[in-house]
Amino acid sequence: MQHPSFEFHRIPVGINNCFLLRGGTTILIDAGAPGHVKDFMHGMDRLGISLREIDLILLTHGHADHIGCLRQIQHLTGARIAMHEADCHWAESGSPGLPPGVTLWGRLLHGLGRVLYRPYIHPCEVHYVITTARSSLMGLGYGIPGQVIHTPGHSAGSVCILLDSGEVFAGDLAMNAWFLRSTPGLPVLAEDMSLVIQSWKRLIRMGARHVYPAHGTDFPIAVIRREIDIWEAKHMAFQNKNP
Ligand SMILES: [Zn+2]
Ligand SMILES: [Zn+2]
């Protein structure tokens, strides 16, 4: 919140943290878990910000818990929707994917999710399809001091929003909620962990210093650095055992 004309707020919507970025325009990051649109409306009420002030809904990715209220929020706000091209079909079909588990608990969650988690998601048109590896929100005219970075790994179309001041809105590229993992760190569900690691290394090189995950509370980037070291040590050990 360092920029004189910029601030951001967290709005919990079910199990998903949405974030509201307020600068030259107002951007909502993510659209909440299914069935929780009232949480979003209460959050906006508490902030005293009118729903129609939101110009853009920017989705970190297309899983159900991030697009659950997308069509309702789009109707309430009249905002345009932006999303990476690789995840667009999930929002537009209303049939999002479920990533595989990459830990024992993650695999259990994935198995349970496939059987028990079948929320109805309203299909929703995506107005702006993200195809670039990085885009400046200032350069695009949104008046927000940050960039949208394509960070595949949790899903193919995952993006993070990295502020010039080092805060990163990471979607599910990091997790810190009790039902996912007991400590902050890397995702327990991901399509490709080696891509998750590469995405984090790029974000760190670009100046990420504090992480705001979509699930749970924020934490310093040192946690991710340590988790990368642990993952790489394990991965190298595995490679050495299986030359
Ligand atoms: Zn996800
Ligand atoms: Zn999620």
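Look a little higher up for the structure.
Quick look at the structure, then. (Residues numbered from 1 in each chain as written. Chains lettered and ligands numbered in written order. Predicted model: local features only at pLDDT ≥ 70, side-chain atom pairs only at ≥ 80, totals over all residues. Heavy atoms only, no water.)

Counting its secondary structure elements, the chain contains seven helices and 12 strands. Whereas a compact globule of 243 residues would reach a radius of gyration of roughly 18 Å, the chain reaches 17 Å, a difference of no more than 12%. Across its three principal axes, the chain shows a C-alpha extent of roughly 55 × 40 × 30 Å. The buried share of the chain, taken over its 243 residues, is 53%. Intrachain contacts of the chain at a sequence separation of at least 6 include 64% that bridge at least 24 residues. Accessible surface, the chain: about 11100 Å² in total, of which carbon and sulfur atoms supply 55%. Placing the 20 positive and 20 negative side-chain charges of the chain at their respective mean positions leaves the two points 5 Å apart. (Helix = DSSP H or I, 4+ residues; strand = E, 2+ residues; numbered from the N terminus. Rg over C-alpha atoms; globule rule 2.2 N^0.38 Å. Buried < 20%, exposed > 50% of the residue type's maximum accessible area, 1.4 Å probe, protein only. Contact = heavy atoms within 4.5 Å. Areas by Shrake-Rupley, 256 points an atom, 1.4 Å probe, with all protein chains shown as cover. Lys, Arg positive; Asp, Glu negative; His and termini not counted. Charge placed at Lys NZ, Arg CZ, Asp CG, Glu CD.)

Pairing is mixed across the open sheet formed by six strands, whose spatial order is β7-β8-β9-β10-β11-β12. With partners counted over all chains shown, the strands left at the sheet margins are β7 (134-136) and β12 (219-220), one partner each. One ladder, built from three bridges, connects β7 with strand β8 (residues 146-150); its direction is antiparallel. Within β8, the residue paired with R134 across the bridge is I149. (Pairing = 2+ DSSP bridges.)

This part takes up the coordination of the zinc ion (ligand 1). Protein-derived coordination of the zinc ion (ligand 1) comes from H61 (NE2), H63 (ND1), H154 (NE2) and D172 (OD), at a distance range of 2.1 to 2.3 Å. Counting the intervening residues between successive donors of the zinc ion (ligand 1) yields the motif H-x1-H-x90-H-x17-D. Here the zinc ion (ligand 1) and the zinc ion (ligand 2) are spaced 3.5 Å apart, and both take D172 as a donor. With H63 in the loop between β4 (56-58) and α2 (64-67) and H154 in the loop between β8 and β9 (159-163), the pair connects residues that are 91 residues apart, well separated along the chain. (Donors = N, O, S within 2.8 Å, 3.2 Å for Na, K, Ca; no water.)

Under the criterion given, the structure shown has seven aromatic pairs. Relative to F169, the ring of F8 lies with its centre 5.1 Å away and its plane at 85°, an arrangement referred to as edge-to-face. Of the two residues, F8 sits in strand β1 (residues 7-13) while F169 sits in strand β10 (residues 167-171), which places them 161 residues apart along the sequence. A single burial state applies to F8 and to F169, both of which are buried. (Phe/Tyr/Trp six-rings, centres within 6.5 Å; stacked < 30°, edge-to-face > 60°.)

This part covers helix α5 (residues 104-116). For α5, built from 13 residues, the straight-helix expectation of 18 Å at 1.5 Å per residue is met to within 8% by its first-to-last C-alpha distance of 18 Å. Listed in full, the buried residues belonging to α5 are G106, L109, H110 and G113. One side of α5 carries all its buried residues, which in axial view fall inside an arc of 100°. Among the exposed residues of α5, those oriented more than 90 degrees off its buried face are L104, V115 and L116. (Expected span 1.5 Å × (residues − 1). Arc of directions from axis to C-beta.)

Moving on: the coordination of the zinc ion (ligand 2). Of the protein atoms, only D65 (OD), H66 (NE2), D172 (OD) and H215 (NE2) coordinate the zinc ion (ligand 2), at distances of 2.1 Å. Viewed at the metal, the four donor atoms of the zinc ion (ligand 2) are separated by angles of 83 to 154°, and the geometry they form is irregular. Expressed as a motif, the donor residue spacing for the zinc ion (ligand 2) is D-H-x105-D-x42-H. (Tetrahedral: all angles 85-135°; square planar, octahedral: opposite > 155°, others 65-115°.)

One finds L28, F40, M44, I57, L59, L70 and I73 to be the most contacted residues of the largest nonpolar core, which totals 27 residues. Those elements giving two or more residues to this core turn out to be β1, β2 (16-22), α1 (37-47), α2, α3 (70-77), β5 (80-84) and α4 (88-93). Element by element, the count of residues in this core is highest for α1, at three residues. Sequence-distant contacts of L59, that is, excluding residues within four places in its chain, are made with D30, A31, H66, I67, L70, I81, A82, M83 and V159. (Core = buried A, V, L, I, M, F, W, Y, C linked by side-chain atoms within 4.5 Å.)

A few words now on the pairing of β5. Counted residue by residue, β5 has four buried out of five residues, so it is predominantly covered. Bridging between β4 and β5 involves three bridges; their strand directions are parallel. Bridging from a neighbouring strand, L58 pairs with A82 of β5. As judged from the three bridges shared by β5 and strand β6 (residues 128-130), these two strands associate in the parallel manner. Looking across to β6, one finds that M83 is bridged to V129.

Right, let's get into the state of the cysteines. Applying the stated criterion across every chain, the model contains zero disulfides. No disulfide involves C88; its sulfur sits 11 Å from that of C124, the nearest cysteine. Residue C124 is classed as buried on the basis of its relative accessible area of 7%. (Disulfide = S-S within 2.5 Å.)

Scope: geometric values only; no functional claims are made or implied.
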